[in-house]
Structures are given as structure tokens and as C-alpha cells.
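Below are the chains, spelled out letter by letter.
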2 protein chains.
Amino acid sequence: MKLYDFSLAPSPRRVRMFIAEKGIEIPSVQINTRERQQFSDEYRAVNPNCVVPTLVLDDGTCLGESVAICRYLEEIHPEPPLMGRGARDKAIVEMWSRQAEFEGYLAAAETLRNSAPMFEDRGLPGVPGGVPQIPALVERGRQTMGRLFPKLDLQLAANRFLAGEAFTIADITAYVAIDFAGRAEIRIPVDCPNLARWFAEVGERPSAAV
Amino acid sequence: MKLYDFSLAPSPRRVRMFIAEKGIEIPSVQINTRERQQFSDEYRAVNPNCVVPTLVLDDGTCLGESVAICRYLEEIHPEPPLMGRGARDKAIVEMWSRQAEFEGYLAAAETLRNSAPMFEDRGLPGVPGGVPQIPALVERGRQTMGRLFPKLDLQLAANRFLAGEAFTIADITAYVAIDFAGRAEIRIPVDCPNLARWFAEVGERPSAAV
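Residues numbered from 1 in each chain as written. Chains lettered and ligands numbered in written order. Predicted model: local features only at pLDDT ≥ 70, side-chain atom pairs only at ≥ 80, totals over all residues. Heavy atoms only, no water.

### Observations regarding the relation of the copies chain A and chain B
And step 1. Note on the identical chains: chain A maps onto chain B by a rotation of 180 degrees and an axial translation of 0.0 Å, with an RMSD of 0.0 Å. Here the transformation between the copies is reduced to the relation of a two-fold axis.
And step 2. The overlap is high: 100% of the interface residues of chain A also sit at the interface in chain B, so the same surface is used on both sides. (Least-squares fit on C-alpha atoms with pLDDT ≥ 70 in both. Contact = heavy atoms within 4.5 Å.)

This is how it looks when you write it as C-alpha cells:
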């Protein structure tokens, strides 16, 4: 297997954390999206969507989507389970993972991509000709995260991790999203102490440093 | 089990198609989001995110997310598999399902929610106080779908369904998204004959009528 990665981008970071939690090692290649390497002919042949990460399997199959890569790794390396064990738990992990993704990860990306100068004309990823920024999305993304924080806090008041007592991909997605949002000065509010406790705890895991 | 559903909304339609393909029956209750029933105290106790659908399990667990509901049903009713069989296939289904969701379903929703008068002040779902429409998103969503169509067409030139020879949740998501986009007059372009063939074929399945 080979992972196409970029160490400074949040999306491949989710996959790197997942791999680290599994305790496996996969050779990787850097695709520097700040230098537009994702639009090269070589990379486009690997992933026509021009986004990172991509995992290339030994049979040549290209998995060009973070959660699809995690799903594959979960199947071939089931321990420790990061996507739940049993029907109910798998569904609960999926629910929190998607909540963290839609209201967290996508909202953080919305805020950053539509404001930061480095994303000028890159309002969406993977479009060679560029996509104009929409300034109104900056505040909307910020407000979406503002609504998410107390929901996560409430869940973490009664649970060690988002989907219960076990660390899962839902924690990875939420952690990477909140850390990424910090680049736009979005912080966990002071009235969310359970979320702050969880964020500090996840940040101390070795996987958070990869 | 009990499904909170709304027959006119696309998100619960994904779950209804999934249930019909599994050949199972689940009692359901209508939550009319056009009449703001998702914001009632009763429903908020079931799903604090104030969106439909929600599946309530016999032990009281509330799964308030379409794909989480499908994941649960896939686990307890594995036949026919709609989320893949084996590590590689599961990952490929996940990849196409997410592509259909991010560039199809979310883009269609973006276009409709930010233009249609019925969505005035409902730019995002599930927010009791409302979210203003952002007119610039109408064209952006349309362009995103315009980029998706040829990708799906290319995949369907070589495959009967999006993830290969078997019908899966990826087809459900893409079909519901494209059908939903029709409300904004977004149509499959004439230079995508494989996609048109697939769309007609999926539309003839009994599950497309539920």
C-alpha cells in the first residue's frame, strides 16, 4: 500500500491519526497542495478528484476519500476497533462521526477556505480552475461550530469519548476539526468544560502528534 | 423500532429506499418539516438536532442520522448487502457514497436551500432561529453538480452501478440527490449517456417509488 499524504492539511491528518491508533505503518508520499501538486498529471491519474489523501492498494485500487481509507483499514486491521463493534455501536460511531464532520470539519473548512488569503480562489478543494471565496460563509461556518460545541459538551458530560467509553473515528474527526478551526481563532467556549477536558485528553495521545 | 420520517424530504427518502431494498418494514411517524414539527419539544427529545429521519431502537437508542440508520440496518439485516462485502468493496462503496453525498446531495441542497422561497431563512436545516440564505451558494452548488455529472458518467461507462456490479447505498445517495436537484431545474447533461441510462434504471426499481 502507499498513502498520498500532505502533512499540513487536515484531511490526511484524520487518516494519519487513524493509522497511528491502529499501530500500523504505511509508506507515504507528500503531495504539497500549497504548490498545486494535486493538479499534476501524475497525481490526477491516481485521484481524478485532485484531493489528498489517497490510499493505493497492492492491486492498484485507488481509495481517494479519507473515510473510505479508514473503512478499508478497519476491515483489514480490526484491532483496536475505531468504527465500533456490533450493530448499535457501529451506528452510534457513524452518527457522531458524521455530526463531527458536517457541523465541525466542514464548518471549519468553510470558515477558513472563504477567508484565509492562502485559499484565495480555492473556496472548494480539487477544482483546477479555482472556486471564488464566498465571504458570507465565514460567519456561517463560525456559527455552525458555535452550535456544535454545546452538543459535544453535553455528550462528553456523560461519556469519556464521543461515541461512549472507547476512542473512535468520531473523536479523530472532531479533534482534527476543532484543531483546524483554531487557525481561524475559533476556540472551545469556556462554558464547555467537558469538551475542553476531552480535547486536552485526545491531544495527549501519541496519534495527535503525527 | 420506529422511524421518524417525512415523505416530502430527500434525506428520509434515502433511508426509505434503503429499507425497501432490504425488504423490511419499519413502522413510521411523519414529522412535517414544512410545518416546523421538527422543532417541537416532543421531537427535540428524540433528536436534539431537529432533523429527520431518526430511527428509535427497541432499547430507546435514537439514531438521528441517515447513514447511521442505514449502517445499523445493514448490520442486523445483512442481505442483500448495500454497503459492500469484503474490505475492498466496502471501501469502494464508502468512497462513491461520500462522493455522491458531498458533490451531489450537499450541492443540490445548497442550491435549493439558498434559492427556493419555501427555504427562506432556512439556509441550513435544524436551526430553530433560522439561517439566512446565501444567494452565491445557488450557483456554486449548480457548478459542483456540473463537475460531478461527468465523473459519474465515466464511472458508469464501465460499471452497471456506481460501486460496481451490485446496487448499493452509493446509488441511493446519488439517485436521491439528482432527483432532488431536478427541483432546481438541474438535469443530467446530454453528454452523459451512461449516467442517464443508470438514472432511468434506478428509477424503475420499486424502492425508488417509496
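### Section: the packing of aromatic side chains
Residue and element names in this part refer to chain A.
And step 1. On inspection of all chains with the given rule, the structure shows eleven aromatic pairs over all chains.
And step 2. Through successive ring pairs, a cluster of aromatic residues spans Tyr175, Trp198 and Phe199.
And step 3. Across the ring face of tyrosine 105, the terminal group of arginine 14 is positioned such that the distance to the ring centre comes to 5.1 Å. (Phe/Tyr/Trp six-rings, centres within 6.5 Å; stacked < 30°, edge-to-face > 60°. Lys NZ or Arg CZ within 6 Å of the ring centre and 35° of its normal.)

### Considering the interface of chain A and chain B
And step 1. With 40 residues of chain A at the interface, the matching set in chain B holds 40 residues.
And step 2. Across the chain A-chain B interface, the total number found is ten salt bridges.
And step 3. Across the pair Arg88(A) and Asp59(B) runs a salt bridge, and its minimum N-O distance is 3.1 Å.
And step 4. Run the count over chain A and chain B and you get 16 residue pairs in polar contact (both at pLDDT 80 or more).
And step 5. Among the secondary structure elements, those contributing two or more residues to the side of chain A that touches chain B are β4 (62-63), α3 (66-76), α4 (87-113) and α5 (136-158) of chain A.
And step 6. Sort the elements by how many residues they give to the side of chain A that touches chain B and α4(A) lands first, with 13 residues.
And step 7. Its residues placed into classes, the side of chain A that touches chain B shows 19 nonpolar, seven polar and 14 charged. (Salt bridge = Lys/Arg side-chain N within 4 Å of Asp/Glu carboxyl O. Polar contact = N/O pair within 3.5 Å; in protein donor to acceptor, adjacent residues only side chain to side chain. Helix = DSSP H or I, 4+ residues; strand = E, 2+ residues; numbered from the N terminus. Nonpolar A, V, L, I, M, F, W, Y, C, P; charged D, E, K, R; others polar.)

Coordinates in, geometry out; function isn't part of it.
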